[in-house]
Protein chains: 2
Amino acid sequence: MGLEVLIVGSGSALPTISANQTSQVITCGNQSFLVDCGEGTQVQLRKNKVKIQNINHVFISHLHGDHFFGLVGLLSTMHLLGRRADLQIHGPKGLDEIVEIQFRNAGNNLYFNMLFNTVEKPGLILYEDNKVIIKSIPLKHRIPCFGFHFQEKKGLRKLDGHKLVQHDIPIYARKSIAEGLDFRNDEGLVIKNSELTFDPVSPTSYAFCSDTAYSEKLIPFIKNVDLLYHEATFLESERDRAKKTFHSTAKDAASIALQANAGKLILGHFSNRYKNKDGFLQESRPVFKNTFVAQEGEVFKI
Amino acid sequence: MGLEVLIVGSGSALPTISANQTSQVITCGNQSFLVDCGEGTQVQLRKNKVKIQNINHVFISHLHGDHFFGLVGLLSTMHLLGRRADLQIHGPKGLDEIVEIQFRNAGNNLYFNMLFNTVEKPGLILYEDNKVIIKSIPLKHRIPCFGFHFQEKKGLRKLDGHKLVQHDIPIYARKSIAEGLDFRNDEGLVIKNSELTFDPVSPTSYAFCSDTAYSEKLIPFIKNVDLLYHEATFLESERDRAKKTFHSTAKDAASIALQANAGKLILGHFSNRYKNKDGFLQESRPVFKNTFVAQEGEVFKI
């Protein structure tokens, strides 16, 4: 099936006409997960034709405004458009209070339940269904901050239609064969599963690492990830500023991708001092060749 | 001198790609006042080339999100761009708590002081300098809500250069003549002020009436205003919905403009069910001819 990552916003603290604040939509089958939600995200979601009522889980990495100032507006719009389904909001301690105080003052009783799940530790399972499992990643920032790791689960084996006919396999047995079991017929003859099925598509994985200083602590949590998004707010010329503000350079991100044995790296959260993003690729690719720059509206299929 | 009104956003609760939430910039000389601040306002201010650090007073009409969800992001940007000057924020009870909780969680100590002024009564003087006086207007909405009335003060009289020479008026006397006093020379001869000066430009006035049901109570507070902005969320076909939600129709707004003897009426806060705004003019103009529709980016000079 594969995960898909839509870049909704790729800018950093100062939103401009051409750079929106951090937000991404991760799609897995018919589930859409929203990750971070800077100011103006709801309009960008509209622009990218994302169905907001299909989002049932929102993940907020930390409480710097460029990662959540758009959340309360999005919730308000979900309410006005008649949402009834529960919405789970995974984020740092304090987010529930910030959201609730605003609705309380507006005199609004939301039509739907907001269920807050406080993320306080790395490696926590935040969400799991039969297709995907989502865990927290430790990041190193000025305030508590977590990334999110999406791991697809292994899908069912693909049935080989010709072989099913050839061996006269009854319909009732197909489910267990897809699940990987061998088939035993009425005469006790065993037909090996590998004879009847193809391997399923390999499950894919994605890691979202917003706002972090260079930190090798996160590597075990993203080892062998297929696609890694890692912030790169600055270039090497601003290394001191990166250190002071607990942000990364493009080279830092590349080094993490290399050590984690990632398949592909996307850089984002660019300081708006950089009008042209070529420098990020120039500094990252010598360390980690398969690097790309987050472009708003772009979809990365894994 | 005259007041100028920039329409930053003219939409209502649901922001879209083409309709931003309520916000206006009122300019009086070199002072800029921000009135309401829906989500995304800071980017619209950028788009309209408004210098945000020139804004020293923000007025928030009420605590429905489409009128203030952009405030905390704007404050954050003012901080990041190095603001040091105090910022006065006039708005409803509760706004200070909402703003402060967000900066507290972000671990940010702002470089500038936010001074909150709670607006709890109509007719209050919220701001006054030698050019303008700003007062609260009572509105009728689901939660406490106030409009804002901007009244320019009478400027200095214009000196008639020829007459000053002719009567040999010394320089030291000019200030008091501009202020309207007669001149008495060393021989005791009085020269009437009207002989030496022209009338100043008439002071102008503007009233901002966001979110309100039809309410005659506000008329005394906006009597003879030169330019009136009055919300018109709906057309007559949605009168029941207007009543239920404490909003106005175009006809309601026109009736208020007529009774207040306003010079000109701007309608705004349109429900996004109306793609075309012609209906608003068709329903307002038979009652109050001098009606216009708020267009984002438009400047009304009074």
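All values reported here derive from a predicted model rather than from experimental measurement.

## A look at the interface of chain B and chain A
On the side of chain A, 31 residues touch chain B, which itself brings 31 residues to the contact. For the side of chain B that touches chain A, the secondary-structure elements that each account for two or more residues are helix 1 (41-47), helix 2 (71-80) and helix 3 (95-105) of chain B. Considered class by class, the residues forming the side of chain B that touches chain A number 13 nonpolar, 13 polar and five charged.

## Comments concerning the relation of the copies chain B and chain A
Expressed as a screw transformation, the operator carrying chain B onto chain A has a rotation angle of 180° and an axial translation of 0.1 Å, and the superposed copies differ by an RMSD of 0.1 Å. Given the turn and translation reported, the copies of this chain are related as if by a two-fold rotation axis. Closest to the rotation axis within chain B is the C-alpha of Gly40 of chain B, separated from it by 2.7 Å.

## Topic: helix 3 (residues 95-105) of chain A
Every buried residue belonging to helix 3 of chain A is among Leu95, Ile98, Val99, Gln102 and Asn105 of chain A, and all of these are buried. Summarising the axial view, the buried residues of helix 3 of chain A lie within an arc of 140°, below the 170-degree limit, and thus occupy one face. On the buried face of helix 3 of chain A, the contacting elements are helix 2 (71-80), strand 5 (87-91) and strand 6 (114-118) of chain A together with helix 3 of chain B. Positive phi shows up at Gly107 of chain A, right after helix 3 of chain A, with a value of about 70°.

## Re the sheet that holds strand 16 (residues 264-268) of chain B
Each strand in a sheet pairs with another by means of backbone hydrogen bonds, the pair being arranged parallel or else antiparallel. Residues and elements named next belong to chain B. If you trace the seven strands from one edge of the open sheet to the other, you get 7-8-9-14-15-16-17, paired in mixed fashion. If you trace the sheet from one side to the other, it starts and ends with strand 7 (125-128) and strand 17 (291-293), each paired once. Mean inter-strand twist for the sheet, computed between neighbouring axes without regard to direction, equals 20°.

## Comments concerning the confidence of the model for chain A
Summary statistics for chain A give a mean pLDDT of 94 and a share of 100% for residues scoring 70 or more. Among the prediction metrics, the complex's ipTM stands at 0.86, with pTM recorded as 0.89.

## Thoughts on helix 2 of chain A
All names here are of chain A. The element helix 2 is largely enclosed, with a buried count of nine among its 10 residues. Within helix 2 the residues assigned to the buried category are Leu71, Val72, Gly73, Leu74, Leu75, Ser76, Thr77, Met78 and His79. Where helix 2 is buried, its residues touch helix 1 (41-47), strand 4 (55-59), strand 5, helix 3 and strand 6. Where helix 2 ends, the next residue or the one after it, Gly82, has phi of about 90°, a positive value.

## Digging into unusual backbone geometry
Negative phi characterises most residues that are not glycine, and trans characterises most peptide bonds. Residue and element names in this part refer to chain A. In this model, Asp36 sits at a positive phi of 60°, which is unusual for a non-glycine residue. Checked against the element boundaries, Asp36 lands in the loop between strand 3 (31-35) and helix 1. Although it is not a glycine, Lys49 adopts a positive phi angle of roughly 55°. Within the secondary structure layout, Lys49 lies in the loop between helix 1 and strand 4. Since 7 C-beta atoms lie within 10 Å of it, Lys49 is described here as exposed.

## Concerning the pairing of strand 14 (residues 205-209) of chain B
All names here are of chain B. Judged by how many residues are buried, strand 14 sits mostly within the fold: five of five residues are covered. Residues Ser205, Ala207 and Cys209 of strand 14 are buried on one face, and the alternating residues Tyr206 and Phe208, pointing to the opposite face, are buried as well. As defined by bridge partners, strand 9 (residues 146-152) adjoins strand 14 across four bridges and the pair is classed as antiparallel. Each residue of the ladder has a partner; that of His149, found in strand 14, is Ala207.

Rules used in this analysis
Residues numbered from 1 in each chain as written. Chains lettered and ligands numbered in written order. Predicted model: local features only at pLDDT ≥ 70, side-chain atom pairs only at ≥ 80, totals over all residues. Contact = placed C-beta atoms within 7 Å. Helix = DSSP H or I, 4+ residues; strand = E, 2+ residues; numbered from the N terminus. Nonpolar A, V, L, I, M, F, W, Y, C, P; charged D, E, K, R; others polar. Least-squares fit on C-alpha atoms with pLDDT ≥ 70 in both. Buried ≥ 20, exposed ≤ 12 C-beta atoms within 10 Å, placed from the backbone. Arc of directions from axis to C-beta. Pairing = 2+ DSSP bridges. Axes fitted to C-alpha atoms, helices over the stretch in contact; angles between N-to-C directions. pLDDT = per-residue confidence, 0-100.

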